[in-house]
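Residue strings, one per chain:
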Amino acid sequence: MSVMEVKTSLLDNMIGVGDMVLLEPLSEDSFLENLRNRFDHNEIYTYIGSVVISMNPYRSLPIFTPDKVEEYRNRNFYELSPHIYALADEAYRSLRDQDKDQCILITGESGAGKTEASKLVMSYVAAVCGKGQEVNKVKEQLLQSNPVLEAFGNAKTVRNDNSSRFGKYMDIEFDFKGDPLGGVISNYLLEKSRVVKQPRGERNFHIFYQLLSGASEDTLKKLKLDRDFSKYNYLSLDSAAVNGLDDAANFRTVRNAMQIVGFMEDEVQSVLELVAAVLKLGNIEFKHESRCNGTDESRIKDKNDLKEMCELLGIEQSVLERAFSYRTVEAKMEKVSTTLNVAQAYYARDALAKNLYSRLFSWLVTRINESIKAQTKARHKVMGVLDIYGFEIFEDNSFEQFIINYCNEKLQQIFIELTLREEQEEYVREGIEWTNIEYFNNAIICDLIENNQNGILAMLDEECLRPGTVTDETFLDKLNTICAEHQHFESRLSKNSKFLTDHSLPHNCFRIQHYAGKVLYRVEGFVDKNNDLLYRDLSQAMYKANHSLIKQLFPEGNPAKVNLKRPPTAGSQFKTSVGTLMKNLQTKNPNYIRCIKPNDKKASHIFTDSLVRHQVRYLGLMENVRVRRAGYAFRQAYEPCLERYKMLCKNTWPHWRGPAREGVEVLMADLQVPAEEFSYGRSKIFIRNPRTLFFLEERRRQCLQDLATLIQKIYRGWKCRSHFLLLKKSQIVVAAWYRRYAQQKKYQKIKSATTVVQSYARGWQARKLLRELKYQKRCEEAVTTIAAYWHGTQARRELRQLKEEARNKHAVSVIWAGWQGTKARRELRRLKEEARRKHAVAVIWAYWQGLKVRREYRKFFRANAGKKIYDFTIQRIMQKYFLGLKSSLPSMSPVDRSWPARPYLFLDGVHTELRKIFHLWRCKKYRGQFTEEKKAVYEEKLEASEIFKDKKALYPSSVSQPFKGDYLEISKNPKYQKLSSAVDDKVLLADVVNKINRANGKGTARIFLLTKKNFVLADQKTGQVKASVPLPDLTSVSVSTQSDGFFALKLKEGSASAVKGDFLLSSEHLIEIITKLHRIGATTADREQLNIDISDEFLVQFKQDKVCVKFIQATPKNGNTVACKRKNNRLLEVSVPTSP
């Protein structure tokens, strides 16, 4: 179907017949041919009235998308093509709007798609119901219960890779709005024999393979398991791997589903331990031993698996070993203990494995019910979904097939009853006369099986409880005695008694004529499987286990509650469960889904006639069609009927203005349909024969063709007229535009010619004017030239006169200047001569004075000349040295290490001493600037250097950071007012630190306050004091050598503060915190010096345990953050990023 095509009715674009009730002619061959035709076109759903037939396509089809959900939401059942969503929507709307409890019965044989159908129904209901956090949680829990039950209750069979080996009925509870509140699950007859033995080509339950494939190595080690399937006797190897099944991924899905449903982690572990115990149980083997009194007994060959199983379940090995070797029988006040031979021991082992697994499965169902049950006690609306085995006919049919087929007989009985009742109620509701319908009533077959006196189940229970030798043959003899005359029972003896010979009926078999056909049952194993006996010794051994779950599974093993009454048989239990189920179904409105498997190869596009025919017969589908067609084959409300067929009558087409029923009456009268072919109900018209419906559909098809032709004719005429009018309008527009264009071109030519003429005229006028202007200009230039020449002559004459006068004046000035220069040069020579004479007198006087001095001191100077010269030289050098040093002194900073170079070698000592004196002097000057607070800070920095320098990698980065002390401003911050008032002394340090949790290595923010008497840890958000420790109780502090902020405050053993152990903290101001702690201890005389341990591995006392804190270097992953992780109960590992 194309994207734009939408089906508006079941009858539109129908492939084959969408509703088998309308099939004409009706026969088994036409029924199968219609199914094949629809299956070949990917139409896997077909109706029989309100019953949905579902064919398994064995592939994914694009018909289960969210768009499909919206397409079928709130639509009439017959409004769209057949689909399982239509049935689910009809059931949900009836429950929500009409307050009718619903049940959806899904039947079919293994591999027909029952489980998938139930999932589709539940997913549709979950999609269309309300939304909300609580509602979504309930929906998720209901949907996630499926993976858990499938893992423990489904297995791979020759017919189906995910076959349900149990019957499931789920009641989903809704509130008045239609939102899910919870649910209750009931399970029926788990095929527990599969635990110990599987037919060839089949597997054990999925959970065994999922556990071994998907569990982690640590989990398997705890469960004492190995991944190799071949090491476990209960697991078949020929089909261990299944195409399309990922056991490892499914195991993760199951674990996640159990978490969503609400299983606690210890419950999940307990369940896995029981699964592992079943695997270990299968590996226990026995050997034969003879006692001295001649009796046979059994002994366990290898006790290793028994030991591991006992460790898993917490059972004493000797107790379980004795239970496998002896059996105690109690009768009134006597106890008799007998030994078990090898065969009996293996029977006891397998019985324990089957009971252990089946009781675990029942516990899982109960536990899921506790999680998904509705929390409110108000009345709920209920929708039940029944997913149960279909009718089974194998080559070798045993007790399981007998029980399953009995259940299907009961379902067929209630199906016929409820279908007839629904038909009758609709006829009465619509005012149509009801006629009795003849059909095969299988109550006689149900009575043959379940009659309390002469029924097969009653006789089987009686045979199991009878004293003496009880075998399957004695049970068959009893059946031959009592049921030989029953028309639906056959056996070799009953046949022979009637002088008939049937070689297809063996001596150890009996045959029952079911509604779906004859089934041959082999009596071998009937008695044992019905007994389902577990020795009391094993029950009591299980009850003695220390495993919490085991005690719940085996309550009968409690010695204080010994019950000598024989437990009910499997057959009676199942009969009671089926009876309860039938009563439950009869109180609800039924909806049916019949699943059919098209082939045995699990392949798509293959339709096997014989297999489908067999299923059609045993599902009773032909009988269902006949029941639906016994009255009226088709019924439809008046409004959609009139809307669909109104074009067949001129009076109703195109619109009918009156009531819909009157319109339908006019329509049927105009078509001359015989009156016996239809009846009018209160809201629907009932059509008796499909031929009448097909006649209406054929007339409608022809009418639609005529209407389509008429619509095409009118449309084509309209289209041609529209095209013509468009052409006409276009021609007018084109002509108008052309005329406009032509006029524009003509105007442009005229305009161009006019412009040319104008340009020639203007050019002539301009040239004429130019000639006149040029002549006038030449005349004006001639006059100007003559005037210029005249004015020039006059100017030159005037200039010559002025030059002559200037030349005379200049000569006088030059003569005067020369005279003045001569006078100046003469005066200069005179002054120079006078200056030379004065200088010569001064030089002669200076020499004379020097001569006199030398003569005066010559006698003294010659005696001490060397010493005087030396002293003078040294004095000058020292003077020069000090003056140079003064100009080149370094800065006044104490950290400035520079000093001028030494000029002479003999000044080395002086130079060094002066450097020391200068440094001490400037340090004194520098210290003189300090306040008392600043001195204390530098003293702390000095003490930090003594403690951490070259010992901890974090120290260099802390040198440049000032010690602030109160980082939180706790006295000013109103948030910490309460905390500030709780501390008596002055707060020396207030900072936020992380208190490391031993359990996971995570940090919790705490406020750290330090006073002179104690330190306090308080909650960062509330300010509440968590711990207050006096400083005398603090013995030592441990830190690492690396660049982390972790430190441990170790308390004195036996002190009141050490009750909860030491403190492991982390801070960005580690250096300051430890320095202040050490300084307080050093300044207090009555306390011992605080010991500071710097090591990459130290012990911290947490309550009663000592934990090792180990620091390692690692490459950073999430930034350069320090990570603390718990490796085990005795080790915390701190990963410090390596320095870049």
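Here the structure is a predicted model, which is why all the values come from computation and not from measurement. (Residues numbered from 1 in each chain as written. Predicted model: local features only at pLDDT ≥ 70, side-chain atom pairs only at ≥ 80, totals over all residues. Heavy atoms only, no water.)

**Overview of the pairing of strand β25 (residues 1046-1051)**
Right, so step 1: Counting buried positions over the six residues of β25 gives six, a clear majority of the element.
Right, so step 2: Side chains of β25 alternate between two faces, with Phe-1046, Ala-1048 and Lys-1050 and Phe-1047, Leu-1049 and Leu-1051 buried alike.
Right, so step 3: Of the strand pairs in this sheet, strand β24 (residues 1034-1039) and β25 are connected by five bridges, and their pairing is antiparallel. Bridging across to β25, Val-1039 finds its partner in Phe-1047.
Right, so step 4: Between β24 and β25, which pair antiparallel and follow one another directly, the connecting turn spans six residues.
Right, so step 5: The pairing of β25 with strand β26 (residues 1063-1066) spans four bridges and is classified as antiparallel. Each residue of the ladder has a partner; that of Phe-1046, found in β26, is Ser-1066. (Buried < 20%, exposed > 50% of the residue type's maximum accessible area, 1.4 Å probe, protein only. Helix = DSSP H or I, 4+ residues; strand = E, 2+ residues; numbered from the N terminus. Pairing = 2+ DSSP bridges.)

**A closer look at unusual backbone geometry**
Comment: phi is negative for the bulk of residues other than glycine, and the bulk of peptide bonds are trans.
Right, so step 1: A cis amide bond, omega -5°, links Glu-24 with the succeeding residue Pro-25.
Right, so step 2: Mapped onto the secondary structure, Pro-25 falls in the segment before α1 (28-40).
Right, so step 3: The phi torsion at Asn-74 lies on the positive side, around 55°, for a residue other than glycine.
Right, so step 4: Among the secondary structure elements, Asn-74 is positioned in the loop between α2 (66-72) and α3 (84-98).
Right, so step 5: The exposure class of Asn-74 is partly exposed, given its relative accessible area of 45%.

**Brief notes about the packing of helix α6 (residues 206-214) against helix α8 (residues 247-261)**
Right, so step 1: Packing of α6 against α8 leaves a shortest axis separation of 7 Å and a crossing angle of 100°. By the criterion of interaxial angle, the relationship of α6 to α8 is roughly perpendicular. Contact residues: α6 offers Tyr-209, Gln-210, Leu-211, Ser-213 and Gly-214, while α8 offers Asp-247, Ala-248, Asn-250, Phe-251 and Val-254.
Right, so step 2: Residue classes in the contact of α6 with α8 are distributed as five nonpolar, four polar and one charged. (Axes fitted to C-alpha atoms, helices over the stretch in contact; angles between N-to-C directions. Parallel < 35°, antiparallel > 145°, perpendicular 65-115°, else oblique. Contact = heavy atoms within 4.5 Å. Nonpolar A, V, L, I, M, F, W, Y, C, P; charged D, E, K, R; others polar.)

**Considerations on the side chain of Glu-191**
Right, so step 1: Tracing the chain through its elements places Glu-191 in the loop between β7 (180-188) and α6.
Right, so step 2: A polar side-chain atom of Glu-191 sits 2.5 Å from a polar atom in the side chain of Arg-165.
Right, so step 3: When near neighbours in sequence (up to four residues on either side) are disregarded, Glu-191 contacts Arg-165 and Phe-205. (Polar contact = N/O pair within 3.5 Å; in protein donor to acceptor, adjacent residues only side chain to side chain.)

**Considerations on the nonpolar core**
Right, so step 1: Core analysis: the largest hydrophobic core is formed by 208 residues, its most contacted members being Phe-31, Phe-152, Leu-320 and Phe-510.
Right, so step 2: Per-element accounting of this core gives the leading share, 15 residues, to helix α12 (residues 342-372).
Right, so step 3: Grouped together as the second largest cluster of nonpolar side chains are 31 residues, Phe-1063, Ile-1071, Ile-1074 and Leu-1090 included. (Core = buried A, V, L, I, M, F, W, Y, C linked by side-chain atoms within 4.5 Å.)

**A few points about the sheet that holds strand β14 (residues 509-514)**
Right, so step 1: One open sheet accounts for three strands, arranged β13-β14-β15; its pairing is antiparallel. Where the open sheet ends on each side, the last strands, each with one partner, are β13 (489-491) and β15 (517-522). Neighbour to neighbour, the strand axes of the sheet diverge by 25° on average, direction disregarded.
Right, so step 2: By the bridge criterion, three bridges tie β13 to β14 in an arrangement that is antiparallel. In the sheet register, Ser-491 faces β14, and the bridge partner there is Phe-510.
Right, so step 3: Strands β13 and β14 of the sheet are contacted by helix α14 (residues 443-450), whose axis makes an angle of about 150° with β14.

**Thoughts on the UniProt feature "binding site: ATP" (unreviewed entry) in the protein**
Right, so step 1: Per the UniProt record, "binding site: ATP" (unreviewed entry) is annotated on Gly-108, Glu-109, Ser-110, Gly-111, Ala-112, Gly-113, Lys-114 and Thr-115.
Right, so step 2: The residues touching Gly-113, leaving out its near neighbours within four places in the chain, are Asn-56 and Cys-595.
Right, so step 3: Structurally, Thr-115 can be placed in helix α4 (residues 114-128).
Right, so step 4: If near-sequence neighbours (up to four positions away) are discounted, Thr-115 is found in contact with Glu-150, Ser-164 and Asp-387. (UniProt positions renumbered as here; feature names shortened; annotations may be inferred.)

**What about the packing of aromatic side chains?**
Right, so step 1: If you walk through the whole model with that rule in mind, you get 30 aromatic pairs.
Right, so step 2: Each ring, one from Phe-286 and one from Tyr-346, has its centre 5.1 Å from the other, and the planes form 90°; the classification is edge-to-face. On the criterion of sequence distance, the pair formed by Phe-286 in strand β8 (residues 286-290) and Tyr-346 in helix α12 is long-range, its members being 60 residues apart.
Right, so step 3: With relative accessibility at 4%, the residue Phe-286 sits in the buried group.
Right, so step 4: On the basis of relative accessible area, Tyr-346 is assigned to the partly exposed category, the value being 25%.
Right, so step 5: Three or more aromatic residues link up through ring pairs in this structure, and these residues are Phe-399, Phe-402, Phe-475, Phe-489, Phe-510, Tyr-521 and Phe-526.
Right, so step 6: Just above the ring of Tyr-209 sits the side chain of Arg-203; from NZ or CZ to the centre is 4.0 Å.
Right, so step 7: Positioned above the aromatic ring of Phe-263 is the side chain of Arg-367, whose terminal nitrogen or guanidinium carbon lies 5.2 Å from the ring centre. (Phe/Tyr/Trp six-rings, centres within 6.5 Å; stacked < 30°, edge-to-face > 60°. Lys NZ or Arg CZ within 6 Å of the ring centre and 35° of its normal.)

**Side note on a positive patch on the surface**
Right, so step 1: Taken together, the side chains of Lys-924, Lys-925, Arg-927 and Lys-935 present a region of like positive charge at the surface.
Right, so step 2: Broken down by element, the positive patch gets its largest block of residues, three residues, from helix α28 (residues 908-927).
Right, so step 3: Mapping Lys-935 onto the fold places it in helix α29 (residues 932-948).
Right, so step 4: In this structure Lys-935 comes out as partly exposed when scored by relative accessible area, which is 34%. (Patch = residues over 30% accessible without salt bridge, like charges linked within 9 Å, V, L, I, M, F, W, Y side chains within 5 Å. Areas by Shrake-Rupley, 256 points an atom, 1.4 Å probe, with all protein chains shown as cover. Salt bridge = Lys/Arg side-chain N within 4 Å of Asp/Glu carboxyl O. Lys, Arg positive; Asp, Glu negative; His and termini not counted. Charge placed at Lys NZ, Arg CZ, Asp CG, Glu CD.)

**Describing the pattern of salt bridges**
Right, so step 1: Inspection of the entire model under this criterion finds 48 salt bridges.
Right, so step 2: Of the charged contacts, one joins Arg-93 and Glu-90 as a salt bridge, the two residues approaching to 3.2 Å between their closest N and O atoms. Within this pair, Arg-93 and its partner Glu-90 are both found in helix α3, separated by three residues, close to a single helical turn.
Right, so step 3: Given a relative accessible area of 19%, Arg-93 falls into the buried group.
Right, so step 4: As a salt-bridge pair, Lys-1076 and Glu-940 come within 3.1 Å of each other at their nearest N and O atoms.

**Side note on the state of the cysteines**
Right, so step 1: Tallying each qualifying case throughout the model produces zero disulfides.
Right, so step 2: The cysteine Cys-641 is free of any disulfide, with Cys-649 supplying the nearest cysteine sulfur at 12 Å.
Right, so step 3: The buried category is assigned to Cys-641, whose relative accessible area is 3%. (Disulfide = S-S within 2.5 Å.)

**Thoughts on the confidence of the model for the protein**
Right, so step 1: This prediction gives the protein a mean pLDDT of 83; 93% of its residues lie at or above 70.
Right, so step 2: Mean pLDDT across the elements of the protein bottoms out in helix α17 (residues 492-497) (63) and peaks in strand β2 (residues 51-55) (92).
Right, so step 3: Predicted confidence for residues 1-8 stays below pLDDT 50, and this span has nine contacts to residues more than four positions away or in other chains. (pLDDT = per-residue confidence, 0-100.)

**With respect to α3**
Right, so step 1: Taking 1.5 Å per residue as the helical rise, α3 with its 15 residues ought to reach 21 Å, and the 21 Å between its terminal C-alpha atoms agrees with that figure.
Right, so step 2: Of all 15 residues that make up α3, eleven are buried, and the element is covered over most of its length.
Right, so step 3: Within the sequence span of α3, burial applies to Ile-84, Tyr-85, Ala-86, Leu-87, Ala-88, Asp-89, Ala-91, Tyr-92, Arg-93, Ser-94 and Leu-95.
Right, so step 4: Downstream of α3 by a residue or two, Asp-99 has a phi angle that is positive, lying close to 60°. (Expected span 1.5 Å × (residues − 1).)

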